[in-house]
Amino acid sequence: MRPVVLRVCLLVLLGWCVVPADVAVARKPNILLIMIDDMGWMDLRCQGNLRLHTPHIDRLATQGMRFTDAYAAAPVCSPTRAAVLTGLSPARLRITNHIPDQKRFAPKDAKLTSAEMLDHLPLRHVTIAERLKQAGYATGFFGKWHLAGRRVPKKQGQGDLRYYPERQGFDVNFGGCAMGGPFSFFDPYNLHNLPDRKTGEYMPDRLADEVIGFMRANREQPFLGFLWNYTVHWPMEAPATLVEKYSKRKDLGRVDHRYAAMIEALDGSIGRILQELDALKLADHTLVIFTSDNGAFGGVADSSPLRAAKGYLYEGGIRVPLIVRWPGVVEPGTVCGEPVISMDFFPTILEAAGIKPDPETALDGENLMPLLNQSGSLNRSAIYFHYPNYAFHGGNRLGSAIRQGNYKLIERFDDGSLELYDLAMDIGEQHNLVAEMPDRAAKLRGKLHTWRKDVSAAMPSRIAESN
């Protein structure tokens, strides 16, 4: 008889009613998804930026899997957030720009009017929080939502309450509203659902406290926590000691010293949450996902060697950090170079929680478990992007993109031009290969057109030229 079975039998014979921990039915894993606002691919030391100080996030990378080719679903925030929640692409959701899309962002010489889009996430979509709540998970949201319509003037960031996290599967919500960025990162925050607590308190620390309180309150049951920090978005604000520290640095190059200070402060707040998981003895039972909603904000970060920044379909706008830790499933210190995208979190979290996908609901993401446990590969051949709107700076060209293998094609809507890059050889997207590889460009363009038709992607309209 096997030793563990023999132990159980002996306990039963002795009248014990307690089952040893090693034979108890395993509880479903907790899930903590941390998404940073505007953190670029090169904004972590573990990504190779030695000018920044991110020891806690770096340690997380050593404990799990770091993805080198992870992508946000869009080069701006709201579409990516909707994609994470639903597993659907921004093009299918018709949420393709930061909310609300504003026509004033179009340049004066624009040839196109941006595509029509929604300014909220409709309730008809089933979110990952709703699926897990139905399965017995406690669900909490902390930070930036930006999927609740337009901000009501003089209402401290309030939008349409019908589309708040509380109506999309979350039991609690601290800070999630219509705002894309706070009025201030220091208390008072002037957000109607993040009550003032201590004047001068830094928002990442406050949100960390709320997450810790949520984990403590639900330590005896599985929980889903979404920490979607407002940082490192504008305004550029950090604790004075860190701002002073980085103001004296002479090696930051193009990195704004306030931005570097914000990143270190953010790292410290995340470190506190990870330490609390250890203190609660929950770390071994928690799937932690760390990522960003889009590329870094241009002008304060240094995205090199990537081209451009937030708001662009170049790598600097869409390639983001991704770290996944799940003890016992993900081997520590591993690195994965497979292209993955925001929609993949939905089916991956379902798999982790032991929940079957709804066969009646389309999903644009793919379960990452074969990559995480190194048991296989993904089934898809390509990932897609659609950005038919003008970013806040108005300098981007409207278009779509496809990545298949190492090749990436961008199609511009204003003149139909193409850009083809081999990212393995040219991560900075400097050498357009269209003239050298016309057949490959044509095939990728055909796949891109087929995908846009399949998801019913909204397209921009051409502005009539005046005589």
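Look up: the structure comes first, before these words.
These remarks concern the structure in this document. Counting starts from 1 at the beginning of each chain's written sequence and moves along it residue by residue. Since the coordinates come from a predicted model, pLDDT governs what is reported: local features require at least 70, and pairs of side-chain atoms require 80 or more to be given and counted, while whole-chain, interface and lining totals use all residues. Only hydrogens and water are set aside; all other atoms, that is, all heavy atoms of the structure, feed into the side-chain values.

1. Overview of the overall build of the chain
Helix and strand assignments follow DSSP, with helices taken as H or I runs no shorter than four residues and strands as E runs no shorter than two, numbered in order from the N terminus. Per the secondary structure count, the chain includes 12 helices and 15 strands. For a compact globule the rule gives 2.2 Å times the number of residues to the power 0.38, and the radius of gyration it is set against comes from C-alpha atoms. Taking 2.2 N^0.38 as the reference for a compact globule, 467 residues should give roughly 23 Å; the C-alpha atoms of the chain span a radius of gyration of 23 Å, in line with that estimate. Counting only C-alpha atoms and orienting by the principal axes, one finds that the chain spans roughly 95 × 55 × 45 Å. Here's how the labels work: a residue is buried when its accessible area is under 20% of the maximum for its type, exposed when over 50%, partly exposed in between, all with a 1.4 Å probe on protein chains only. In the chain, which comprises 467 residues, the share counted as buried stands at 58%. Look at the contacts in the chain between residues 6 or more apart in sequence, and 70% of them connect residues 24 or more apart. Counting every atom, the chain has about 19500 Å² of accessible surface; 53% of that belongs to carbon and sulfur. In summary, the charge assignment counts Lys and Arg as positive and Asp and Glu as negative, without counting His or the chain termini. For the purpose of locating charges, the reference atoms are NZ of Lys, CZ of Arg, CG of Asp and CD of Glu. The chain carries 55 positive and 52 negative side-chain charges, and their two centres are separated by 2 Å. The contact criterion used is simple: two residues touch if any of their non-hydrogen atoms lie within 4.5 Å. Here the accessible surface of atoms and residues is derived via Shrake-Rupley with a 1.4 Å probe, and residues count as covered only by protein chains that are part of the display.

2. Describing the pattern of salt bridges
If the charged atoms of two oppositely charged side chains come close together, the side chains can form a pair. Between Lys or Arg on one side and Asp or Glu on the other, a salt bridge is scored when a side-chain nitrogen of the former is within 4 Å of a carboxyl oxygen of the latter. Here the structure, examined in full by the defined rule, presents 31 salt bridges. For the salt bridge of arginine 319 with aspartate 69, the shortest nitrogen-to-oxygen distance reads 3.7 Å. Taken as a pair, arginine 319 in strand 8 (residues 319-325) and aspartate 69 in strand 2 (residues 65-71) lie far apart in primary sequence, 250 residues in all. When sorted by exposure, arginine 319 lands in the same class as aspartate 69, which is buried. Ionic pairing is found between arginine 216 and glutamate 276, a salt bridge with its closest N-O pair at 2.8 Å. Placement of the pair is arginine 216 in helix 6 (residues 203-217) and glutamate 276 in helix 8 (residues 257-279), with a sequence separation of 60 residues. We classify arginine 216 as partly exposed; its relative accessible area is 48%. One network of salt bridges, in which partners are shared, links Asp69, Glu315, Arg319, Arg403, Lys408 and Glu429.

3. Regarding the packing of aromatic side chains
The description of an aromatic ring pair rests on the distance of the ring centres and on the angle between the ring planes. Each pair of aromatic rings taken from Phe, Tyr and Trp, with Trp reduced to its six-membered ring, is defined by centres within 6.5 Å and is described as stacked if the planes are under 30 degrees apart, edge-to-face if over 60, and tilted in the remaining cases. As enumerated under the stated definition, the model contains 15 aromatic pairs in all. Ring centres 5.1 Å apart and planes at 40° place the aromatic pair phenylalanine 186 and tyrosine 202 in the tilted group. Of the two residues, phenylalanine 186 is situated in the loop between strand 5 (172-174) and helix 6 and tyrosine 202 in the loop between strand 5 and helix 6; the sequence distance between them amounts to 16 residues. With relative accessibility at 3%, the residue tyrosine 202 sits in the buried group. Seen from their ring centres, phenylalanine 226 and tryptophan 228 are 5.3 Å apart, and the 20° between their planes marks the pair as stacked.

4. Observations concerning the packing of helix 7 (residues 240-247) against helix 8
Interhelical geometry of helix 7 versus helix 8 gives an angle of 130° and a closest axis separation of 8 Å. Here helix 7 lies oblique to helix 8, going by the angle between them. Regarding helix 7 and helix 8, the two cross each other, and that crossing is right-handed. Facing Leu242, Val243, Lys245, Tyr246 and Ser247 of helix 7, the residues of helix 8 in contact are His257, Ala260, Ala261, Glu264 and Ala265. Residue composition of the contact of helix 7 with helix 8, by class: six nonpolar, two polar and two charged. For every element, the axis is a line fit to its C-alpha atoms; helices are fit only across the contacting stretch, and the angle between N-to-C directions ranges from 0 to 180 degrees. For classification purposes, angles smaller than 35 degrees are called roughly parallel, those larger than 145 roughly antiparallel, those between 65 and 115 roughly perpendicular, and all remaining angles oblique. We call a crossing left-handed when the near helix sits turned anticlockwise from the far one by less than a right angle, and right-handed when that turn is clockwise. Polar here means any residue other than Ala, Val, Leu, Ile, Met, Phe, Trp, Tyr, Cys and Pro, which are nonpolar, and Asp, Glu, Lys and Arg, which are charged; Gly is therefore polar.

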